Amino acid sequence: MEYRYIGRTGLRVTPICLGTMSFGSWSNEKESFAIMDKSVDRGINFFDTAELYPVPPNAKDAGITEEIIGKWLKGKQRDKIILATKVAGAASGWFVPPIRHGMTAIDKFHIKTAVEGSLKRLGTDYIDLYQMHWPDTIVPIEESLKAFDELVQEGKVRYLGTSNDSAYGLTKANETSKRLGISRFESIQNNFSLNNPRFLDELAEVCKQEQISLLPYSPIAGGVLSGKYNGKFYPKSARFAEYLANKNPRVQAMAHRFLNDKTLLATQKYVEIAEELSISPTTLAVAYSKQFEFVASTIIGARNLEQLDESFAAFDINLNDETMKKIKEIQSEVMYPMG
């Protein structure tokens, strides 16, 4: 098994990470246990979760995913699993988290409250990688980083990361940590896929220059890159078929971002490349997302055991220069299909 380091940390992780956002909603506890067991059997040592999970997020279910993982961890050798979780971002941003009465912020109070809740639900006394789920537009980054650093000094958290951040946000946070002499963000977890290569524009350069690792999520674009939406009808139980039927404007907007004429056009072209390589479109998409030097581990998800196999197949695939050239041509022809 190949291992990669996250940033400048001692965390050695597999190039594929198990994402868990479906645990407790689309995947019941039994199925979730089976997914984790199969992942460990395949060699995966890195799990990612969040206090807000499962999705779609709601006040009643928030935290269930961590509880399921905590139950599964009992009796396991804790130090064999690199465990990442997240504190929900600020309610001042693009989304109001349905936890802590919709008053969340990336300040000392909420960071401390969130980490204690996660530790309890996960049944562990430390978190390997603790991430800011998205930035706070109000609280100064200095305050946030000092509160995160206290968790590191207390031994509750080993390392820090951010998510859904910008080149400006990551750079400012990194320079602030240097100035204050405190723990920095060693990773950034952003959306990155064949259909959403925006990370390559600016953030990739920040990561390379500062030795910060990308942990890509949605490598198959929420299932779109599997090609399952390219038929005459959308599968009824598929994520974005459900989202399109949801009356929440934010959920609908997300569905249209992932699923539109441009994403379907690009996906069809990637399906053809996968056919030429005699691999599944899902395998192609996961292989692409872990292809880059600044990527430590790409985060896959699954509702059931069967969905894991095509993602796992990407462990053994490195795309050659000819394939990468074809991909770049498609990305130039169908530019930024997710906006």
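Residues numbered from 1 in each chain as written. Predicted model: local features only at pLDDT ≥ 70, side-chain atom pairs only at ≥ 80, totals over all residues. Heavy atoms only, no water.

**Q** Report on the environment of I106, specifying residues and quantitative values.
**A** The residue I106 is located in the loop between strand 5 (82-87) and helix 3 (108-122) in this model. The spatial distance from the C-alpha of I106 to the C-alpha of I141 is 8.5 Å, given a sequence separation of 35 residues. Here I106 is in contact with V87, A88, G89, A90, I111, M132, W134, D136, V139, S144 and F148, once residues within four sequence places are set aside. (Helix = DSSP H or I, 4+ residues; strand = E, 2+ residues; numbered from the N terminus. Contact = heavy atoms within 4.5 Å.)

**Q** Describe the side chain of N195, naming the residues involved and giving the relevant values.
**A** Along the chain, N195 falls in the loop between strand 8 (185-189) and helix 6 (203-210). Within the structure, the side chain of N195 is placed 3.2 Å from the side chain of T267, a separation counted as a polar contact. Residues contacting N195, with those up to four places away along its chain left out, are A221, V224, L225, T263, A266, T267, Y270, P337 and M338. (Polar contact = N/O pair within 3.5 Å; in protein donor to acceptor, adjacent residues only side chain to side chain.)

**Q** Break down the nonpolar core for me, citing the residues and quoting the values.
**A** Ranked by internal contacts, the top residues of the largest apolar core, which has 85 residues, are Y130, F148, F185, F199 and Y270. The greatest single-element share of this core, amounting to six residues, is contributed by helix 4 (residues 141-154). Setting aside chain neighbours within four positions, we find Y130 in contact with T85, K86, V87, I111, A114, V115, F148, L151, V157, Y159, L160 and G161. Listed in part, the 11 residues of the second largest apolar core include I6, C17, L129 and I299. (Core = buried A, V, L, I, M, F, W, Y, C linked by side-chain atoms within 4.5 Å. Buried < 20%, exposed > 50% of the residue type's maximum accessible area, 1.4 Å probe, protein only.)

**Q** Account for the packing of aromatic side chains, naming residues and giving values.
**A** All chains considered together, the criterion is met by 18 aromatic pairs. Plain terms: the ring middles of Y130 and F148 are 6.2 Å apart, the flat faces sit at 70° to each other, and that makes the pair edge-to-face. Residue Y130 is located in strand 6 (residues 127-132), and its partner F148 is located in helix 4; the two are separated by 18 residues in the primary sequence. The exposure class assigned to Y130 is buried, which follows from its relative accessible area of 0%. The positively charged end of K76 is found above the aromatic ring belonging to W72, 4.5 Å away from the centroid. Sitting over the face of the ring of W26, R303 holds its NZ or CZ atom 4.1 Å from the ring centroid. (Phe/Tyr/Trp six-rings, centres within 6.5 Å; stacked < 30°, edge-to-face > 60°. Lys NZ or Arg CZ within 6 Å of the ring centre and 35° of its normal.)

**Q** Could you give an account of the pattern of salt bridges, with specific residues and numbers?
**A** Within this structure, the stated rule accounts for 25 salt bridges. Here E150 ties to K108 by a salt bridge, and the two come within 3.3 Å at their closest N and O atoms. One end of the pair, E150, is in helix 4; the other, K108, is in helix 3, and 42 residues separate them in sequence. In this structure E150 comes out as partly exposed when scored by relative accessible area, which is 27%. (Salt bridge = Lys/Arg side-chain N within 4 Å of Asp/Glu carboxyl O.)

**Q** Describe the sheet that holds strand 3 (residues 16-19), with residues and values.
**A** An order of 9-8-7-6-5-4-3-10 is seen for the eight strands of this open sheet, with the pairing classed as parallel. Edge positions in the open sheet fall to strand 9 (213-214) and strand 10 (298-300), since each of these has one partner strand only. The pairing of strand 8 with strand 9 spans two bridges and is parallel. Considered in strand 9, the bridge of S187 is made with S213. (Pairing = 2+ DSSP bridges.)

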